[in-house]
Amino acid sequence: MKKKRSSILRYDGVQTLLASLLCILGGLLIGFIVLLIIEPSGAWEAITSVLKSYFRYSSAKMQLKYLGQVLTRTAPLLMCALSVLFAYKVGMFNIGAAGQYVAGACAALYMGIALKMPWWVCMIAAMAAGALLGAFSGALKTYCNVNVVISGIMLNWIALYTTNMVLSMDGIKNPMSPYTMQLRGLNTEGLIPQMGLNTLFGNEKSVTIAIPLAIVMAIVVWFILNKTKFGYELKATGYNFHAAKYSGMKENRNIILTMMIAGALAGMGASLLYLTGIEEWETTISSVPAMGFNGIAVAFLGGLSPIGSILAAYFIQHITMGGGNVDLSVYCAQISGLISSLIIFLCAFVAFFKLAIQNRLRKREEAALLAAKPEKGGENA
Amino acid sequence: MILLSQYTLLFASVLLLVALGGCFAERSGVINIGLEGIMVIGALGGALVMKFLPMELGAATMIVAVILSSALAGMLYSLLLAVAAINFKADQTITGTAMNMLATAAATVGVKAMNTAASGGNDVSSDIVYTRARDAFIVRFGNFEFNWFMVVALVALLVAWVLLYKVKFGLRLRACGEHPQAADSVGINVYKMRYAGVMISGILGGIGGIVYITAGVSSWKFENGVAGFGFLALAVMIFGQWKPFKIALAALLFGFFRALGNVYTGFDFLKNLNLPSGIYNMLPYIISLLVLALTSKSSLAPKAEGIPYDKGSR
């Protein structure tokens, strides 16, 4: 399929971008219809305030401050998306990213609050915890043939309840509230350093090197998957397990390793949120935090590319913050959750959409070929 | 002890209904990860009827109306999966995951909008209260609260068995999950059969949803979804090896462990162990992982499940 004079639609990246934009548009459109049904008079204002997000503040300083908050929350989401897409490239659907994220939060906060460790120790602990959970899923898959989706979901809940128990211990949980104690007051070493980044964002306290760190990780994941022999082997295992096995790759090791890396990415994501002090863990929470599941949305919206995921993660956090701007006496903030879930649902059609574009292009090409040389058949891709 | 058996039966009913739903979808060749979402929407459909149907119509009307509306809501919602997975050949795992997220988000937005509008902006919760309507389903024998939903689950089990093994429809459905090309070659419409499988799973999942939210409480916060019960049901289905009666036994086992989490404080020896409640909450999930680890090696899953059927690939 590499011909000159071909249309721009031919590039895979362009097709993916187009498909993602279509998903976003579709999600927004259905979201808008839902708003119209709830209350038509304010629907337009509501959907624009979701899209405007922090731009609704008039002063540049406030805009920067809230942009900083959006970016701080983008970093962990991006990590979860990387976790999902890394596993997906190896043929596994890592719905367990949510649980690996929870395990990461548990380890990071335990190290930070109970043991007063510096931030990088906490982060490594979070990665280790996520990796452990991921490896467990991978091992169950290779040795016991348990579907990664099912084991991931079970481990999500196990991780959630374990984390609630661990973080409810004396000295970690705030005795006055269901939340853990604030890291900022107890162990400033445990906070990810800002290195002056906060001054760029209206002195927003939560802006730290977590943001560039997440972007670096996205590039590392891209590099491993596309530029190394290791990544090539992993992808080969995902494409065809048996072929990989017969060509001498260690297929079982590859699967466990993939899940370990995916778990470490999600675990690190949690440390990037909880070690900035923007949020505490709620020890009575009864559902798995949405971050990991949103990671799935981001990974697919980003066309399963690490670089695309950066944009997608930002977009999802942008509209999530925007959800809080709607008139809460008529609508509710969850409208942005609804829009993002609609977007993922539409993302399931991306493959079909791309195939449709390719089919059309091929038919056009075949027609052109037939017109030129009637005796020869069309080229088959 | 009575309380434990009551909750065991109730939770087993939920798991049985939903797992049978999953079984129908998978037997036809479609993996239904979206059961959790179907449960939420089914629960919403039932809860709305419980809230708005006047009690004066009598208990029997209430029971029938609630079950029908849950089943209908679940079935309509399952069409999302059917269209995506069967017509558009979309990835079934992504579709199912999206459906789970979508269901909770949509139910939350819908119920909040309803409550906000009804209260003029004072009540922005996502709760539906159905205290009185719930009584229609309960018959008390001493301390034991018999629930009509237990009968529904039992009937569903028998019907499922007959449908799958005793009539032509079941044979055809199973053929589509094992070898759709062969089924097609003898004139079975694979797309139609898969639609039927997914829609039956929607009906059963929807009813399972309303049973779950009315099991122990008389109001439900839709923000919370159904706490992974749809997934637990999938584990039950796998443990039950895609066979109705084995699924029923598995549902009883899992229901027991789930019930233990609700009522363990009533047993002195369990209370004296002084374990945090989190341990009991985790139990069903730990057990199901263990069980899956031990039983998945020789999987009896339908061979063509999860693979979109393409007529051209014969």
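Keep in mind that what you see is a predicted model, and the values were worked out from it rather than measured.

Draft legend 1. Highlighting the overall build of chain B. On a plain count of helices and strands, chain B comes out with 13 helices and 4 strands. Against the 2.2 N^0.38 benchmark of 20 Å for 314 residues, chain B shows a C-alpha radius of gyration of 20 Å, consistent with a compact globule. Sorting the 314 residues of chain B into buried and exposed places 58% on the buried side. Residue pairs at least 24 apart in sequence account for 78% of intrachain contacts in chain B once pairs closer than 6 positions are excluded. Accessible surface, chain B as shown: approximately 12200 Å² in total, 66% of it carbon and sulfur.

Draft legend 2. Spotlight on the overall build of chain A. In terms of helices and strands, chain A carries 16 helices and 0 strands. Computed over C-alpha atoms, the radius of gyration of chain A comes to 23 Å, within 12% of the 21 Å expected from 2.2 N^0.38 for 381 residues, which places it in the range of a compact globule. Scored against the burial criterion, the 381 residues of chain A give a buried share of 53%. Of the contacts formed within chain A by residues at least 6 apart in sequence, a portion of 74% connects residues at least 24 apart. Element-wise, carbon and sulfur atoms account for 65% of the exposed surface of chain A, whose accessible area totals about 16900 Å². Charged side chains in chain A number 29 positive and 16 negative. The centres of these two groups are separated by 10 Å.

Draft legend 3. View of the pattern of salt bridges. Residue and element names in this part refer to chain A. For the coordinates displayed, the defined rule picks out 6 salt bridges over all chains. One salt bridge connects Arg362 with Glu366, and the closest N-O pair in it is separated by 4.0 Å. Taken together, the residues Arg362 and Glu366, both in helix H16 (residues 350–372) and 4 residues apart, mark about one turn of the helix. A relative accessible area of 26% places Arg362 in the partly exposed class. Judged by its relative accessible area of 23%, Glu366 is partly exposed.

Draft legend 4. Inspection of the interface of chain A and chain B at higher detail. Between chain A and chain B, the contact holds 43 residues from the first and 46 residues from the second. Around 3700 Å² of area is buried between chain A and chain B when both sides are counted, 81% of it from carbon and sulfur atoms. Between the two partners, chain A and chain B, sit 0 salt bridges. Taken together, chain A and chain B are joined by 2 residue pairs in polar contact (both at pLDDT 80 or more). At the level of secondary structure, the elements contributing two or more residues to the side of chain A that touches chain B comprise helix H1 (12–38), helix H5 (119–144), helix H6 (148–167), helix H13 (291–301) and helix H15 (335–347) of chain A. Per element, the largest residue contribution to the side of chain A that touches chain B is 11 residues, and it comes from H6(A). Tallied by class, the residues present in the side of chain A that touches chain B amount to 33 nonpolar, 10 polar and no charged.

Draft legend 5. Quick peek at the nonpolar core. Grouped together as the largest cluster of nonpolar side chains are 216 residues, with contacts concentrated most on A:Leu82, A:Leu301, B:Tyr212, B:Ile213 and B:Phe222. Take this core: its biggest share by element is 14 residues, from helix H1 (residues 2–28) of chain B. When neighbours within four sequence positions are excluded, A:Leu82 is seen to be in contact with A:Ala214, A:Met217, A:Ala218, A:Val221, A:Leu265 and A:Pro306.

Draft legend 6. Inspection of the environment of A:Arg56 at higher detail. Structurally, the position occupied by A:Arg56 is in the loop between helix H2 (43–52) and helix H3 (60–89). Note: C-alpha distance between A:Arg56 and A:Gly322 (266 residues apart in sequence) is 9.2 Å.

Draft legend 7. Looking closely at empty space enclosed by the protein. All names here are of chain A. In this structure the tally under the stated criterion is 1 cavity of 30 Å³ or more. Put simply, the largest cavity is a space of about 40 Å³. Taken together, Leu109, Thr180, Met181, Gln182, Leu183, Tyr274, Gly277, Glu279 and Glu280 make up the full set of residues lining the largest cavity. Counted by class, the lining of the largest cavity contains 4 nonpolar, 3 polar and 2 charged residues.

Draft legend 8. Broad picture of a nonpolar patch on the surface. On the surface, B:Leu154, B:Leu158, B:Trp161, B:Val162, B:Val167 and B:Phe245 cluster together to form a nonpolar patch covering roughly 500 Å² of accessible area. Here the nonpolar patch takes 4 residues from helix H6 (residues 148–165) of chain B, the largest share from any one element.

Draft legend 9. Quick look at the state of the cysteines. On inspection of all chains with the given rule, the structure shows 0 disulfides over all chains. B:Cys23 forms no disulfide, and the closest cysteine sulfur to it belongs to B:Cys176, at a distance of 14 Å.

Draft legend 10. Spotlight on the packing of aromatic side chains. All names here are of chain B. Throughout the structure, instances matching the rule amount to 23 aromatic pairs over all chains. Aromatic rings pair up to connect Tyr7, Phe11, Tyr212, Trp220 and Phe229 into one cluster. We note Arg258 situated over the ring of Phe11; from NZ or CZ to the ring centre the distance is 4.6 Å.

Draft legend 11. Geometry of H1(A). Residues and elements named next belong to chain A. Spanning 27 residues, H1 covers 39 Å between terminal C-alpha atoms, matching the ideal 39 Å at 1.5 Å per step. Buried within H1 we find Gln15, Thr16, Ala19, Ser20, Cys23, Ile24, Gly26, Gly27, Leu28, Gly31 and Leu35. Next to the buried residues of H1 lie H2, H13, helix H14 (306–323), H15 and H16.

Draft legend 12. Main features of unusual backbone geometry. Non-glycine residue A:Asn145 carries a positive phi angle of around 60°. Tracing the backbone through its elements, the reader meets A:Asn145 in the loop between H5 and H6. The phi angle at B:Trp242 is positive, at roughly 60°, despite the residue not being glycine. Counting through the fold element by element, B:Trp242 comes out in the loop between helix H10 (229–239) and helix H11 (244–263). Given a relative accessible area of 4%, B:Trp242 falls into the buried group.

Draft legend 13. View of the side chain of A:Thr237. All names here are of chain A. Examined against the element boundaries, Thr237 turns out to sit in helix H10 (residues 229–239). A residue is classified by how much of its surface remains accessible, and Thr237, at 3% relative accessible area, is buried. Only 3.1 Å separates the side chain of Thr237 from the side chain of Asn254, close enough to count as a polar contact. Those residues in contact with Thr237, other than ones at most four positions away along the chain, are Val90, Ala244, Met249, Glu251, Asn254 and Ile255.

Draft legend 14. Main features of the pairing of strand E2 (residues 138–141) of chain B. Residue and element names in this part refer to chain B. In terms of strand pairing, E2 meets strand E3 (residues 144–147) through 4 bridges, oriented antiparallel. Paired with Arg140 across the strands is Glu145, a residue of E3. The turn linking E2 back onto E3 is made up of 2 residues, and Gly142 within it adopts a positive phi angle of 60°.

Draft legend 15. Spotlight on the confidence of the model for chain B. Residues and elements named next belong to chain B. The share of residues in chain B with pLDDT of 70 or more is 99%, and the mean pLDDT across the chain is 87. The element-level mean pLDDT for chain B is lowest in helix H12 (residues 268–273), coming to 74, with helix H9 (residues 190–214) highest at 94. For this predicted complex, the interface score ipTM comes out at 0.83, alongside a pTM of 0.87.

The rules we used
- For every chain, the first residue of the written sequence is number 1, and numbering continues from 1 onward in sequence order.
- Starting at A for chains and at 1 for ligands, labels are handed out in the order in which the entities are written.
- Side-chain atom pairs in this predicted model are given and counted only at pLDDT of 80 or more, local residue features only at pLDDT of at least 70, and totals for whole chains, interfaces and linings cover all residues.
- Side-chain measures here rest on the full set of heavy atoms in the structure, leaving out hydrogens and waters.
- Each helix is a run of H or I in the DSSP string that is no shorter than four residues. Each strand is a run of E no shorter than two, and both are numbered from the N terminus.
- It is over C-alpha atoms that the radius of gyration is taken, and the globule rule equals 2.2 Å times the number of residues to the power 0.38.
- Throughout this description, buried means an accessible area under 20% of the type-specific maximum (1.4 Å probe, protein chains only), exposed means over 50%, and partly exposed covers the range between.
- The contact criterion used is simple: two residues touch if any of their non-hydrogen atoms lie within 4.5 Å.
- Using the Shrake-Rupley algorithm and a 1.4 Å probe, accessible areas are obtained, with residue cover drawn only from the displayed protein chains.
- Residues scored as positive are Lys and Arg, those scored as negative are Asp and Glu, and His as well as the terminal groups of each chain are ignored.
- In this description, the location of a charge corresponds to atom NZ of lysine, CZ of arginine, CG of aspartate or CD of glutamate.
- Think of a salt bridge as a Lys or Arg side-chain nitrogen and an Asp or Glu carboxyl oxygen that are within 4 Å of each other.
- Throughout, buried area stands for the accessible area (probe radius 1.4 Å) lost by two parts on being put together, summed over both.
- Throughout this description, a polar contact denotes any pair of N or O atoms lying within 3.5 Å of each other; where both atoms belong to protein, one of them has to be capable of donating a hydrogen while the other can accept it, and for residues adjacent in sequence the pair is counted only when both atoms sit in side chains.
- Residues are grouped as follows: Ala, Val, Leu, Ile, Met, Phe, Trp, Tyr, Cys and Pro are nonpolar; Asp, Glu, Lys and Arg are charged; every other residue, Gly included, is polar.
- In this text, buried Ala, Val, Leu, Ile, Met, Phe, Trp, Tyr and Cys residues form a nonpolar core when linked through side-chain atoms within 4.5 Å.
- Detection works on a 1 Å grid of protein atoms alone, calling trapped sets that fit a 1.4 Å probe cavities and calling open sets with protein on both sides within 12 Å along at least five of seven lines pockets, with lining residues defined by an atom within 4 Å of a point.
- Grid points are joined across faces, edges and corners, and a volume is the space filled by probe spheres set on the points.
- Patches here: salt-bridge-free residues with over 30% relative accessible area, like charges joined within 9 Å, nonpolar side chains (Val, Leu, Ile, Met, Phe, Trp, Tyr) joined within 5 Å.
- Throughout, disulfides are identified as pairs of cysteine sulfur atoms within 2.5 Å of each other.
- Here a Phe, Tyr or Trp ring, Trp counted by its six-membered ring, pairs with any other such ring whose centre lies within 6.5 Å, and the pair is stacked when the planes are under 30 degrees apart, edge-to-face when over 60, and tilted otherwise.
- In this analysis the charged atom, NZ for Lys or CZ for Arg, is taken to sit over a ring once it is within 6 Å of the ring centre and within 35 degrees of the ring normal.
- Multiply 1.5 Å by the residue count of a helix minus one, and that product is the helix's expected span.
- When DSSP locates at least two bridges between a pair of strands, those strands are taken to pair.
- Every residue gets a pLDDT, meaning the predictor's confidence in that residue, from 0 to 100.

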